[in-house]
Amino acid sequence: MIESSGHNSVPISLCVVIPVLNEEKVLATSANFVAEYMSLNLNHYDWRVRIADNGSTDSTPEIANNITAQNDRFDYLRIEQRGRGRALKEAWMSSDADVLCYMDVDLSSDIAALSKLVTAVTTEGYDIAIGSRLTQGSDVLGRPPHRELISRAYNLVIRAMFRTGFRDAQCGFKAIARRAANQLI
């Protein structure tokens, strides 16, 4: 559980990272959608969104810079080397937020679940919260059947090999407490 300290408590800080690589077609729309959602639903947190670009060669950097110029709750981080893990590590470790999250830029997970992920870490005592597109009732719009099959097979292998309880290792929708991130990364 993450608590604010002091009588004049400071809101819990939240950094949501959106890793991007050549996402010029969806970045602006997704960023606006995320900002609107967070303003309406997570305004009791001191939140920021960090666009972590790991080597885009299209107009993603220009679009990201435009977004940050228009919204002071967004910032842009450029990492020249590719790799989502590298982008997340750099973005999370350069943030001082209490809770670190990430979501895929295509918003393939229902953004309404972001509040649940954050609550799991801030008030329910979990260090890590993982979203899933594979639980009963999940609706992944526009996902081709072959990708669904591959994803489910991959996750079955991960669960069997590592004896984990979570069902969607590849889901781009996670939250982690700062202390846990410091220990794991």
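Residues numbered from 1 in each chain as written. Predicted model: local features only at pLDDT ≥ 70, side-chain atom pairs only at ≥ 80, totals over all residues. Heavy atoms only, no water.

Student: Would you mind showing me how to read the nonpolar core here?
Tutor: What tends to happen in soluble globular proteins is that the nonpolar side chains get buried as a cluster. If you look at the biggest cluster of nonpolar residues, it comprises 35 residues, and the most contacted ones within it are Leu14, Met38 and Leu114. Put simply, the parts of the chain that give this core at least two residues each are strand E1 (13–20), helix H1 (27–41), strand E2 (46–53), helix H2 (60–70), strand E4 (99–103), helix H4 (113–122) and strand E6 (173–177). If one sorts the elements of this core by residue count, H1 sits on top with six residues. The contacts of Met38, once residues within four sequence positions are left out, are Leu14, Val16, Asn43, Trp47, Val49 and Leu114. Among the nonpolar cores identified, the runner-up in size contains 15 residues, and Cys15, Val17, Ala87 and Leu88 belong to it. (Core = buried A, V, L, I, M, F, W, Y, C linked by side-chain atoms within 4.5 Å. Buried < 20%, exposed > 50% of the residue type's maximum accessible area, 1.4 Å probe, protein only. Helix = DSSP H or I, 4+ residues; strand = E, 2+ residues; numbered from the N terminus. Contact = heavy atoms within 4.5 Å.)

Student: Whenever I open this one, unusual backbone geometry confuses me. Can you help?
Tutor: Across the chain, the bulk of peptide bonds are trans and the bulk of non-glycine residues have phi less than zero. Positive phi values are uncommon outside glycine, yet Asn22 reaches one of about 55 degrees. Here Asn22 is to be found in the loop between E1 and H1. Given the relative accessible area of 30%, Asn22 is considered partly exposed. Although it is not a glycine, Leu107 adopts a positive phi angle of roughly 50 degrees. Among the structural elements, Leu107 can be located in the loop between E4 and H4. The exposure class assigned to Leu107 is partly exposed, which follows from its relative accessible area of 21%.

Student: Please clarify how the packing of aromatic side chains should be interpreted in this entry.
Tutor: Counted by the stated rule, this structure contains one aromatic pair. The ring of Trp47 carries the charged tip of Arg73 above its face, separated from the ring centre by 4.5 Å. (Phe/Tyr/Trp six-rings, centres within 6.5 Å; stacked < 30°, edge-to-face > 60°. Lys NZ or Arg CZ within 6 Å of the ring centre and 35° of its normal.)

Student: Looking at this structure, how should I read the side chain of Asn54?
Tutor: By the secondary structure assignment, Asn54 is in the loop between E2 and H2. For Asn54, a relative accessible area of 4% translates into the label buried. Here the side chain of Asn54 touches Gly83 through a polar contact of 3.0 Å, landing on its backbone oxygen. Those residues in contact with Asn54 that sit more than four places away from it in its chain are Val20, Leu21, Ile79, Gln81, Arg82, Gly83, Arg84 and Ala87. (Polar contact = N/O pair within 3.5 Å; in protein donor to acceptor, adjacent residues only side chain to side chain.)

Functional significance is not addressed by these values, which are geometric in nature.
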